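Summary of the model geometry
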Amino acid sequence: MLLLNLSGSKRRLVLSTLLICAVILELAYCQKEAEEQRTTPGRKPKPSKPKLGKSTNKSPRAVTTKPKVKATPAAPPQTFLTQVLNRGKFKKVGESISVQTGDTLELRCRGSPVQWSVPSYLEEDDDGRLRIVQHERYGVLTLVNTTGADTGEYTCYPMYCEDTDCRKEYNKAVKVFVFFPDPQELFVPSSDYYKVIQLRTNWPTVLPCQVTSPEAKVTLHREFPPVEVAVDGTEISFNVKKGFTIHRPRPYHAGALYCVASLGNLRQSSTKYMLIYVNYPMAPPAPVIQASSSSVAVGENLRVSCSVMGEQDVVVEFNWEYPGQQIGRPLYTQESVSPVGGGAARQQSQSILLVDEARDVDQGTYTCTAQNLQGAKSVSTTVKVVPKAKPKKL
């Protein structure tokens, strides 16, 4: 039993000796590391002790200096509209709002300065009901004693100023469409009984049947024959803030049309719109000028033609400038329009300038200007007048 105890004591002694040796070696290693860090330039101390059993002979990492980021200037505050309600409450407006007739409309627009745009009815005559005030950081629009006629779009434009020169920032404009529901007037009042509107082949046509209430149901009707016009959303569409839009006008859209609005037990008709179809050209004319001869003898006749190829039923107007104009020589022209064969419906419009018995004053530049609804273009040619040849002697 005693021998076993001695063996245990020896075993503990050996383990203690080994532990002390390990501690001494570790301290020596740490001291060596500290000396190397002090003597090696540019080497940074490691944040933690190396783990036992792993190699620590790693080369130091390259230090990358991050570039300083310049502070970007703060963006100007975004422009927005708020509606001033009763008791000093504010409400940010959306695309449209409704204000009961008789109530006061008050809008605030952040910006210094700002400029306002209102429906044309108010721009012409507001009866002193409209007031616009610019404060230090915002502008205020106030409209009192409101009626259904005030329905329309109200726009705030922030202004960009350099010294005393200011201009509107159209890309930052904020808009709101304001309805003023009137129990007696479903349509925005108009002084016109008839309105003439051109149906352009290359441009959508709007019939501005504007209602005072967004709740009104609006339909489109033809006067002769009396029938409701189909609104499919593609060929013809309706927007409560704009009215009816004919997206691709055609000849059969022409005629007298009007709108009918209904809300509850109230049903009313709008102004009548007389639609006139006009075939607009796709582009300005491209005239071609040609003289019967670039050189003409005194006493001979001269013809200068100007021709335009274009779409059928498109009117082309011709204007001439010629040398004899300076002395009051009268203008003689012949104009004609003739169809051109082929798949597409096209025509040739032509104007011919006639100069009888040419004289010296007829020498010079002849200019033809052709014009249609899309624009005008001029072309020129030069004619020389030479002496009349003398008859040869026999």
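A few points on the structure. The model shown is predicted, which means the values in this text are computed figures rather than measured ones. (Residues numbered from 1 in each chain as written. Predicted model: local features only at pLDDT ≥ 70, side-chain atom pairs only at ≥ 80, totals over all residues. Heavy atoms only, no water.)

Before going further, it helps to spend a moment on the overall build of the protein. The helix and strand inventory of the protein stands at 2 helices and 27 strands. When burial is assessed residue by residue, the protein has 33% of its 394 residues classed as buried. Expressed as a percentage of contacts within the protein between residues at least 6 apart in sequence, the contacts between residues at least 24 apart total 65%. For the protein, the computed accessible surface area is about 26900 Å², with 53% contributed by carbon and sulfur atoms. (Helix = DSSP H or I, 4+ residues; strand = E, 2+ residues; numbered from the N terminus. Buried < 20%, exposed > 50% of the residue type's maximum accessible area, 1.4 Å probe, protein only. Contact = heavy atoms within 4.5 Å. Areas by Shrake-Rupley, 256 points an atom, 1.4 Å probe, with all protein chains shown as cover.)

The next subject is the pattern of salt bridges. On inspection of all chains with the given rule, the structure shows 4 salt bridges. With its nearest N and O atoms 3.5 Å apart, the salt bridge here joins Glu-169 to Lys-172. (Salt bridge = Lys/Arg side-chain N within 4 Å of Asp/Glu carboxyl O.)

Within the open sheet, the 4 strands sit side by side as S20-S22-S25-S24. Their pairing is antiparallel. At either end of the open sheet lies a strand with only one pairing partner, and these are strand S20 (288-291) and strand S24 (333-340). Across the sheet, the mean angle from the axis of one strand to that of its neighbour is 20°, orientation sign disregarded. (Pairing = 2+ DSSP bridges. Axes fitted to C-alpha atoms, helices over the stretch in contact; angles between N-to-C directions.)

Further remarks concern the packing of aromatic side chains. All told, the structure shown has 4 aromatic pairs when counted by the stated rule. Ring geometry for Phe-177 against Phe-179: centres 4.8 Å apart, planes inclined by 55°, an arrangement best described as tilted. Taking relative accessible area as the criterion, Phe-177 reaches 4% and is therefore assigned buried. Here Tyr-193 and Tyr-194 contribute two aromatic rings whose centre-to-centre distance is 5.2 Å and whose plane-to-plane angle is 75°, an arrangement assigned as edge-to-face. For Tyr-193, a relative accessible area of 57% gives the class exposed. One Lys or Arg, Lys-168, reaches over the ring of Tyr-157 and ends 4.6 Å from the middle of that ring. (Phe/Tyr/Trp six-rings, centres within 6.5 Å; stacked < 30°, edge-to-face > 60°. Lys NZ or Arg CZ within 6 Å of the ring centre and 35° of its normal.)

Quick look at a negative patch on the surface now. There is a patch of like negative charges on the surface, built from Glu-123, Glu-124, Asp-125 and Asp-127. Mapped onto the elements of the fold, Asp-127 is located in the loop between helix H2 (120-124) and strand S6 (130-134). You can call Asp-127 exposed: its relative accessible area is 55%. (Patch = residues over 30% accessible without salt bridge, like charges linked within 9 Å, V, L, I, M, F, W, Y side chains within 5 Å. Lys, Arg positive; Asp, Glu negative; His and termini not counted. Charge placed at Lys NZ, Arg CZ, Asp CG, Glu CD.)

What follows is about the sheet that holds strand S1 (residues 81-84). Think of a sheet as strands paired side by side through backbone hydrogen bonds, with each pair either parallel or antiparallel. Spatially, 5 strands are ordered S2-S1-S4-S7-S6 in an open sheet, and the strand pairing comes out antiparallel. Lying at the two open borders of the sheet, with one neighbouring strand each, are strand S2 (90-92) and S6. Averaged over all pairs of adjacent strands, the angle between their axes in this sheet comes to 25°, without regard to strand direction.

Bringing the side chain of Thr-146 into the picture now. Tracing the chain through its elements places Thr-146 in the loop between strand S7 (138-143) and strand S8 (152-162). Classification of Thr-146 by relative accessible area gives buried; the value is 3%. Only 2.7 Å separates the side chain of Thr-146 from the backbone oxygen of Asp-103, close enough to count as a polar contact. Those residues in contact with Thr-146 that lie beyond four places of it in its chain are Gln-100, Thr-101, Gly-102, Asp-103, Leu-105, Arg-129 and Phe-180. (Polar contact = N/O pair within 3.5 Å; in protein donor to acceptor, adjacent residues only side chain to side chain.)

Residue position: Thr-234 is located in the loop between strand S14 (227-228) and strand S15 (236-239). C-alpha separation for the pair Thr-234 and Thr-245, spaced 11 residues apart in sequence, amounts to 9.5 Å.

We now examine the state of the cysteines. Across all of its chains, the model carries 4 disulfides by this definition. Linked covalently through their sulfurs, Cys-109 and Cys-156 form a disulfide whose S-S length is 1.9 Å. Negative torsions about the S-S bond denote left-handed disulfides, and the value of about -80° found for Cys-109 with Cys-156 makes this one left-handed. A residue pair is termed long-range when its members are at least 10 positions apart, and Cys-109 in strand S4 (residues 105-110) and Cys-156 in strand S8 qualify at 47 residues. (Disulfide = S-S within 2.5 Å.)

Along the chain, the position of Glu-223 falls in the loop between strand S13 (217-222) and S14. No salt bridge is formed by the buried Glu-223; the nearest opposite charge belongs to Lys-272, separated by 4.2 Å. A distance of 3.5 Å separates polar atoms of two side chains, one belonging to Glu-223 and the other to Tyr-194. The contacts of Glu-223, once residues within four sequence positions are left out, are Tyr-194, Ala-256, Tyr-258 and Lys-272.

This next bit is on unusual backbone geometry. The amide bond that connects Ser-112 to the next residue, Pro-113, takes the cis arrangement and shows omega of -5°. If you trace the backbone, Pro-113 turns up in the loop between S4 and strand S5 (114-117). Here the bond from Phe-224 into Pro-225 is cis, since omega is -10°, no more than 30 degrees from zero. Considering the arrangement of structural elements, one finds Pro-225 in the loop between S13 and S14. Its identity as a non-glycine residue notwithstanding, Asn-145 has a phi of 50°, on the positive side. Within the secondary structure layout, Asn-145 lies in the loop between S7 and S8. Of note, the phi angle at Asp-313 is positive, near 70°, even though the residue is not glycine. On the secondary structure map, Asp-313 appears in the loop between strand S22 (302-311) and strand S23 (317-321).

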